[in-house]
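Take a look at the letters that make up each chain.
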Amino acid sequence: TCGICVEKCPFDAIEIINLPQELQEEPAHRYGENAFSLYGLPAPQEGQVTGILGPNGIGKTTAVRILAGELEPNLGRYEESPDWDEVLEAYRGTELQDYIADVRDGEITVARKPQYVDQIPKQFDGNTRQLLEQTDERDALDSLVERLSIGPVMDQAIEDLSGGELQRVAIAATLARDTDFYFLDEITPYLDIGQRVTAARLIRELAEDEGKSMLVVEHDLAILDLLADTLHVAYGEPGAYGVITSPKSVRNGINEYLSGYLDNENMRIRQNPIEFEEHAPRTATHGDVLVDYPDLSKSYGEGEFSLEIKGGEIHRNEVLGIVGPNGIGKSTFAKLLTGNLDTDEGDADLDLDISYKPQYVTIDQHMRVDAFLSSITDQFGSSYWNTEIAQPLQLERIMEQNLSDLSGGERQRVAIAACLSDSADLYLLDEPSAHLDVEQRVQATSAIRRYAEQQDATVMVIDHDTYMIDLLADRLMVFDGEPAVHGHASQPQPMRDGMNEFLANLEVTFRRDERTSRPRINKPDSQLDREQKREGEYYYSP
Ligand code: ADP
Ligand code: ADP
């Protein structure tokens, strides 16, 4: 080993080219002997949005507690902590000097949006209006409520809000405060793309118009790209140590992260790069029809939500992406196909074996992960299964845990593994990115894609993460309509046409990064944005 790692090389025994510079220096903080150490700190800047990109457990919250003045950094000297003056001395001449001086003098005020919004109802007893009125220090509430479409749930009890509603209320409550420093730990969970873009714009406006310092952790790369001015990449061994790099430009930070190699740090963080091919169809896709389905319709009760699906074909060996806003009927469609729900009109019984991962993963029996997965496939434990499923989904470490003890992200990874391990004609994954950090997302995405290619499998994926859809899908099915009222699904169509239709509804345009071909959201009303809208090219710049 290189002498840093506690048990095993965090980078899967990749040769570590150089000991990172940061690890030769003293950490910003160490919790105790053999406890987690954090190297480096992000540097918030007035009038800017600073992003942090990296897995969970790498010290992001620790860093924020330091910047908020809640945790006095001990510079690794956990036995005899230095005082703030010594800390300040250690940061003299760095970007953080002025900021640390303000923290020492108690002059920094902070507003924080927690990562797990599901916890909010346990801490607040009351309705949305009461919660938001407490935080309205900038007299901005009306506009936040309007832009985040919170109006309909203003008088609803916090404990009755859905995940997406809670997330938007939490974002509004944070942005309504009047502080120097705002920290938002993930803004996208439970939100659809339109809502994600709106939240990102609100955060940017607070930096640009009010000169505030914004720090954001985000695992949706397209949104992070739109949001941030500069980016710190965080890497290391979750639970053991974390390194927060010096700031990079957002473009370079994301490109380096995807390539698996950090240039300035001279550091490999992943064995394989994540590569975007410009909608190249898979060679295995010959357009053979696996199944065709007729027009379908479904409504829930009198005057409640109604859905119409235009009949179409699912091709053998394709990955079909499914996109659309929340509440538009995507999960209803999945349940119709799997026979979990009956149609009103049209026969959805496709006579296919379908392996289905629902949006809300409910595996929580008292059973160990290894016992559960080996009951699904006799491939369990084979070298193929280990390489293609267990490793990329990081299952090794949780094999001996009980399903009922897993975190949301762990449960998601087990559910994806279970879905892919089953033998079926069609694999249907509803929101596989939910609860996964950025590294788990890119790994899960490549696991699903490789599995589809190597097994000649037919896969349908519903997701809001544009990178995941772009990397995975050969064709696209687009849902539109009026959320919670009425939904309509188009026939599956080529990626380019589908994305154009979908993004035109949202008035968002993407271009391709020149170096990596990854999709990047254009700044609204920028020259490219206007040009692409004029030409109707919402997704691929010519
Ligand atoms: P992130 O926000 O990136 O998920 P955190 O900063 O919350 O990471 O945690 C990083 C590591 O530090 C975790 O392994 C966590 O268990 C550990 N840790 C956090 N707080 C303490 C503490 N007070 N004492 C010891 N270890 C801690
Ligand atoms: P999506 O997956 O696109 O977010 P869903 O298919 O989950 O959308 O839901 C579409 C609409 O149908 C929503 O307004 C939802 O509240 C409503 N809905 C879903 N299931 C039921 C049900 N069992 N009874 C009544 N309404 C439902």
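Residues numbered from 1 in each chain as written. Chains lettered and ligands numbered in written order. Predicted model: local features only at pLDDT ≥ 70, side-chain atom pairs only at ≥ 80, totals over all residues. Heavy atoms only, no water.

### As for the overall build of the protein chain
The secondary structure content of the protein chain amounts to 19 helices and 24 strands. Since a compact globule built from 542 residues should have a radius of gyration of about 24 Å, the 24 Å found for the protein chain is in line with a globular shape. Relative to its 542 residues, the protein chain shows a buried fraction of 55%. At a minimum sequence separation of 6, the contacts of the protein chain that also span at least 24 residues come to 69%. Accessible area of the protein chain: about 23,300 Å², with a carbon and sulfur share of 41%. (Helix = DSSP H or I, 4+ residues; strand = E, 2+ residues; numbered from the N terminus. Rg over C-alpha atoms; globule rule 2.2 N^0.38 Å. Buried < 20%, exposed > 50% of the residue type's maximum accessible area, 1.4 Å probe, protein only. Contact = heavy atoms within 4.5 Å. Areas by Shrake-Rupley, 256 points an atom, 1.4 Å probe, with all protein chains shown as cover.)

### Topic: the packing of aromatic side chains
Going through the model one piece at a time under the given rule, you end up with 9 aromatic pairs. On the numbers, 5.4 Å between centres and 65 degrees between planes, the contact of F510 with Y539 is edge-to-face. Separated by 29 residues along the polypeptide, F510 in strand 23 (residues 510-512) and Y539 in the segment after helix 19 (527-535) bring together distant segments of the chain. Overall, F510 belongs to the buried group, its relative accessible area being 1%. (Phe/Tyr/Trp six-rings, centres within 6.5 Å; stacked < 30°, edge-to-face > 60°.)

### A short note on the site of ligand 1
Neighbouring ligand 1 are the residues Y31, F36, N56, G57, I58, G59, K60, T61, T62 and G239. Protein chains bury 61% of the 570 Å² of accessible surface belonging to ligand 1 in isolation. Across the shell around ligand 1, the residue classes tally to 3 nonpolar, 6 polar and 1 charged. (Near = heavy atom within 4 Å. Nonpolar A, V, L, I, M, F, W, Y, C, P; charged D, E, K, R; others polar.)

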